[in-house]
Every structure is written in C-alpha cells, then in structure tokens.
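Descriptive analysis of the structure
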Amino acid sequence: MAAQDVLSQTTRLASSSALLQVLFRLVTFGLNAFTLRYLSRELIGVVNVRLTLLYSTVVFLAREAFRRACLSGSTKRNWTKTINLLWLTVPLGVFWSIFLGLVWLHLLEVPDPSVVPHYQAGVVAFGLSAIIELLGEPFWVLAQAHLFVRLKVIAESLSVVSKCVLTVILVVLYPQWGLYIFSLAQLLYVSVLVMCYVIYFVMFLGSPEATKKSFPVARMKALLPNLVEDETFVNWKEAWLTWSFFKQSFLKQILTEGERYVMTFLNVLNFGDQGVYDIVNNLGSLVARFIFLPIEESFYVFFAKVLERGKNVKEQKQDDVAMAANVLELLLKLVLLIGLTITVFGYAYSQLALDIYGGSMLSSGTGPDLLRCYSLYVLFLAINGVTECFTFALMCKEEVDRYNFVMLALSFTFLCISYFLTHWYGSVGFILANCFNMGIRIAHSIHYIYDYFKASTYRPLTGLLPSPFLVLVYIISGVITGFSEVFFCCDKGWMVRLVHISVGALCFAATIVTMFCTETKLIHFVRSQFLSRYMKKGT
C-alpha cells in the first residue's frame, strides 16, 4: 500500500475513532454523573482502583507485547502463524488472572464488608472478564492491521454504553448488591466487546467485499489456532520481538498505572480518597481517551507501515521519509496545541467542572487541585503519546531491549517519587510524579527522533515550537480566566458562574482565531486529512 494511502486511511481511522468516541462517551459521561449520586466514595475507590487495576494488569501483561509485535511491518505475512501467536494471549491471561487474583484476595487489605460487600466475587469476576476479552485478540489485531475504520470504535462504544446502562439500572433498583453490580456490568462489557468482533468477521469473511480487498483470511476456522505443514507453529521473529516488548510492557504498565499500584500495595490513601482521586483522574483524562489515544494507536500503524523497523533514515525510501517527517511534525504541533489549551483553561475551570459533575463531594477538598494538576499532566500525555508511537514503531529488537533497562530504572524512580510526594502533598503527589515520569519518557523519545533524522534534512521536532504570538495569547487568556475564577466562581450563584463561563468562552475564541492565523500549515493538515471526508459528506 502506498504511503499516501496509508496516511489517508490512518487519519480516517483516527478522526472516526475520536468523533465516535466523543458521541458515545457523552452518553456514558451523563450516566456516570447520575450514578455518582447513589454510591459511596469507598465503593467507587474499590471498583475503580482496586478491581479495575486487577483487570487492566492482566489484560495489559497478556496482550500488549503481542499487539506491538504483530502490528509491526507489512500486512503481507503468514497470518496463520501470526494468529497462532496471538492465541497464546489466552493461556497467558489465565495465568496472570489466577496469580494476581490470589494476590488481590489474600495479600491485600480487604475492604470492610459492611461498606463494600462481596469483594471476593468482584475479584473473581474482574479476573474472568480479562480472560474473556483476550478471546477477541486475533480479531482486534486483524481489524487494526487492515485499518477497519469503524469496527473498533463501535464495538468499544456499544460495550461501554451497555455497561453503563446496566450499572445505572442495578444501582437504582438494587443498591444493596454492592460489587455484584459492577461485576455483572464488567462481564457484560467484555462479552459485548468480543461478540461485536466475532459477529463482524462472521459476516465479513467470504463476502464480496473481503474478496475484493484480497483479505488474507477466508473463513472463521482460519481464525483459530492451526498447524502449518512442514513449518513452525509461530513466526519466531515475531515471537522474539514479542518477548522484547513483553519485558518492556511489564515496566510500562508500572509506569502507566504506577499511582494505582502505590495506592493498592502501600495503602497511602484510604478507599474514599482513592475514589475521589480516580473520579478526578477519569474526568481529567477525557481528552486523552477521546483524542490522544486514537491518534497514538492509528499513527503507530501508519509509521510502522511507511517506514521499516530497524533501518536508518538513509536506508528508507526518501519519499516515505519526507511524508513521515511532515506527518510527525504536524502531529506534534496538533497535540501540543490541544494540550496547551487544556492546561491553560483547565486551571480556572476545574472547580466549576467538578461541581457540575459530582456536586460538593468532588468540588470540595482536594478535588479542584487534583484536576488543575491533571490539566498540566494532559500536556505531557499529549506529547508523549505521539513521540512514543513514532519511537516504538521504528525501534529494532536491540533498541527495544536497551530501552527496557531505561524503563526499569525509571519504574523504580517513579515508584519512589510517588511514595514520597504522596506523603508530602497527598493525592496531588501522584499527578506530580506522573508529570516527572512522562517528562523523562518524552526526553528519551525526543532524543531518539533527533538522532533518527539528524542525517537528513528533515526536522520534525520543530512541531514542538508554537508561534510566539500564540503563546502570548495563551498567557493572557490564563491570567484573565484566573482572575475571573477568583471573582465569579463558584459559590455565588449560577448567574455569576455564567459570567465566568462567558469570560472563558471569549478567551477561548480569541485563542482559536489566533491559532487559525498563525498555524496555517497545521490547519491545512487537519482540514485535508482529518476533516475532508466529513466535509465531502456535507456537500
């Protein structure tokens, strides 16, 4: 597939993912806000920190390395061997689920049954849900590798909405069920997710569309483990690359979920404080999930397809290098400006957002300070997502192995810093430690990108340098909205709050207009790649 075609389909995937996620997540956002009024902080803390950490750890350790290895390179490969390799995620998931489930049941503090009932059932259900989700891994990788635009987003959105609707119904009708509610909702979520992929491929395989696309799999039986005559069961090159990524994924999981591990294993916060932290964390990460994650996942595929892993810039096709450099520069500029906007306006509107979303339970105490710090963290998340997606798409096995040592040192440092900062600053310390963690990872990725392109004439890192005039507008907007919060928010009634909102809207409009005037190259990229298909539909 030509590089331009890959870029077109990748941006289509990213924009569709972002827009559809916004649509479906708005529904779940409202349902979650409603549910918060019926639950205790302690129950939220156990579900969203303790049990969700069990589920995410099992899933991440079982599949992340396989995803990165099997999405690298061309789609023209022996897919039978790749599918065989992907099915190994299931027994790996069973092992991690049993091992970690025993740790969660017997080594960690068990919550008070009168406050959080049915904890043991919750551990079993969340561990089982991880195994069920891994059954759909071969389908997910095939869909992602072949850039199936809507399947991933619709499957995830339907499963999330189903989970939220069931949660709301059970919370209202049977609040005494405790963790049974969230256990059933979690099992429904993964079941719907896997069934969406299975149903799609049952309908797609053997269809005229699949034949037209020369899809490498012809029937559902080929998606099960199969022996290859006179050949090995798996592609050993992919298997060794998977092992390298597995060592890295273990460390990356500690860095990604580090604060939850510190909360869970070191008991630095009680379950109630964990609940507030997690709600604020989820609220603050909305933009990361809606926009940054689809961009990172989609453009990892783009860079992995356009440039060959392990080859330096002179050994690549120069037309592809030029396109990759241009796309990387503009992606960096795009996420940087989104991150700066969240940081500047998030500071002055954190308390108002929390009061609207969860009432005084969130807007009083440490909640507003948490969300303000998270607004800064979003900027780090934005830059790290794009720089790492390029770096991981190009690293050879030896470079991945070397990076594992960097991640090991960083994991240990991060956990230590998290522990001490939490003792000094409370839950805000977790976000400060995450900023430090992301800063180091960004520095490593920037160093890799600089070394990769230094032998060429391309300088994609200039995407991290916004227009000076735009920076000035950001500073002025931050000062004005900061004073507006002091005078108009948030305990003086809704009329005064509307004044505060209006001030922010005017500053935001001025920022957007300045962006259109100073970042013309970026605006053209967004219009031509992300928005063109929607503009064509409207004409």
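About the cut-offs
- Residues numbered from 1 in each chain as written.
- Predicted model: local features only at pLDDT ≥ 70, side-chain atom pairs only at ≥ 80, totals over all residues.
- Heavy atoms only, no water.
- UniProt positions renumbered as here; feature names shortened; annotations may be inferred.
- Helix = DSSP H or I, 4+ residues; strand = E, 2+ residues; numbered from the N terminus.
- Rg over C-alpha atoms; globule rule 2.2 N^0.38 Å.
- Buried < 20%, exposed > 50% of the residue type's maximum accessible area, 1.4 Å probe, protein only.
- Contact = heavy atoms within 4.5 Å.
- Areas by Shrake-Rupley, 256 points an atom, 1.4 Å probe, with all protein chains shown as cover.
- Lys, Arg positive; Asp, Glu negative; His and termini not counted.
- Charge placed at Lys NZ, Arg CZ, Asp CG, Glu CD.
- Core = buried A, V, L, I, M, F, W, Y, C linked by side-chain atoms within 4.5 Å.
- Patch = residues over 30% accessible without salt bridge, like charges linked within 9 Å, V, L, I, M, F, W, Y side chains within 5 Å.
- Salt bridge = Lys/Arg side-chain N within 4 Å of Asp/Glu carboxyl O.
- Axes fitted to C-alpha atoms, helices over the stretch in contact; angles between N-to-C directions.
- Parallel < 35°, antiparallel > 145°, perpendicular 65-115°, else oblique.
- Nonpolar A, V, L, I, M, F, W, Y, C, P; charged D, E, K, R; others polar.
- pLDDT = per-residue confidence, 0-100.
- Expected span 1.5 Å × (residues − 1).
- Bend = angle between axes of the 7 residues up to and from the residue.
- Phe/Tyr/Trp six-rings, centres within 6.5 Å; stacked < 30°, edge-to-face > 60°.
- Lys NZ or Arg CZ within 6 Å of the ring centre and 35° of its normal.
- Left-handed = near helix turned anticlockwise from the far one by under 90°.

As named in an unreviewed UniProt entry, the protein chain is Protein RFT1 homolog, taken from Calidris pygmaea. Word for word, the UniProt comment on the protein chain under Subcellular location (unreviewed entry) is "Endoplasmic reticulum membrane". Per UniProt, the comment on the protein chain under Pathway (unreviewed entry) is "Protein modification; protein glycosylation."

Turning next to the overall build of the protein chain. Along the backbone of the protein chain there are 21 helices and zero strands. In terms of overall dimensions, the protein chain is globule-like: its C-alpha atoms have a radius of gyration of 23 Å, near the 24 Å expected for 539 residues. If one aligns the C-alpha atoms of the protein chain with their principal axes, the spans along those axes are about 75 × 55 × 50 Å. Out of the 539 residues belonging to the protein chain, those deemed buried represent 56%. Of all intrachain contacts in the protein chain linking residues separated by at least 6 positions in sequence, the fraction that spans at least 24 positions is 82%. As displayed, the protein chain offers around 23400 Å² of accessible surface, 68% of which is attributable to carbon and sulfur atoms. Here the protein chain contributes 42 positive and 34 negative side-chain charges, whose respective centroids are spaced 6 Å apart.

Next up on the list: the nonpolar core. Most often, soluble globular proteins keep nonpolar side chains buried together rather than apart. W104, Y197, F201, F215, F303, F390 and F453 are the most contacted members of the largest nonpolar core, which has 153 residues in total. In terms of residue count, helix α14 (residues 318-358) provides more of this core than any other element does, 18 residues in total. The contacts of W104, once residues within four sequence positions are left out, are R50, L53, L54, Y119, V123, T264 and F265.

Let us look at the environment of A382. When you line up the elements, A382 lands in helix α16 (residues 367-394). Those residues in contact with A382 that sit more than four places away from it in its chain are F292 and V335.

Once that is clear, we can look at a nonpolar patch on the surface. A contiguous nonpolar surface patch, about 620 Å² in accessible area, is contributed by F34, Y38, V165, I169, V172, L173 and Y174. Looking at the element boundaries, Y174 is found in the loop between α7 (151-173) and α8 (179-204).

Let us look at the packing of helix α13 (residues 286-306) against α14. For any two helices packed against each other, one specifies the inter-axial angle together with the distance between the axes. At a minimum axis distance of 11 Å, the contact between α13 and α14 shows a crossing angle of 170°. Considered as vectors, α13 and α14 are oriented roughly antiparallel to each other. Every residue of α14 that contacts α13 at V287, I291, F292, I295, F299, F302, F303 and V306 is listed here: D320, M323, A324, V327, L328, L331, L334, V335, I338, G339 and I342. Residues of the contact of α13 with α14, tallied by class, amount to 17 nonpolar, one polar and one charged.

A few words on the confidence of the model for the protein chain. Mean pLDDT for the protein chain: 83, with 90% of residues reaching 70 or above. Looking at the elements of the protein chain, mean pLDDT is at its lowest for helix α1 (residues 3-36), recorded as 63, and at its highest for helix α5 (residues 119-134), recorded as 96. Ignoring residues within four places in sequence, the model shows residues 533-539, a span with pLDDT below 50, making nine contacts including any to other chains.

For α13, which comprises 21 residues, the first-to-last C-alpha distance of 30 Å matches the rise-based estimate of 30 Å (1.5 Å per residue) to within 8%. Where α13 bends most, at F292, the angle is about 40°, and the proline P294 comes one to four residues later.

The full count for this structure, using the stated rule, is 23 aromatic pairs. With centroids separated by 4.6 Å and ring planes inclined at 15°, the aromatic side chains of Y174 and W177 adopt a geometry described as stacked. With a relative accessible area of 35%, Y174 lands in the partly exposed category. Judged by its relative accessible area of 29%, W177 is partly exposed. With a centroid separation of 5.7 Å and an interplanar angle of 15°, the aromatic rings of W243 and F246 are classed as stacked. With W243 and F246 both in helix α10 (residues 236-256) and three residues apart, the pair spans about one turn of that helix. Residue class for W243 comes out partly exposed when judged on its relative accessible area of 42%. Among the aromatic side chains, those forming a connected cluster through ring pairs are F299, F302, F303, F390, Y448, Y452 and F453. A cation over a ring is seen here: R372 above Y347, with NZ or CZ 5.5 Å from the ring centre.

Here the focus is the packing of helix α2 (residues 41-70) against helix α11 (residues 258-266). Between α2 and α11, the least distance of the axes is 10 Å, while the angle of their chain directions is 120°. Classed by the angle they form, the pair α2 and α11 counts as oblique. In this structure, α2 crosses over α11, and the sense of that crossing is left-handed. For the pair α2 and α11, contact is made by N48, V49, R50, L53 and T57 and by R260, Y261, M263 and T264, respectively. Residues belonging to the contact of α2 with α11 are distributed by class as follows: four nonpolar, three polar and two charged.

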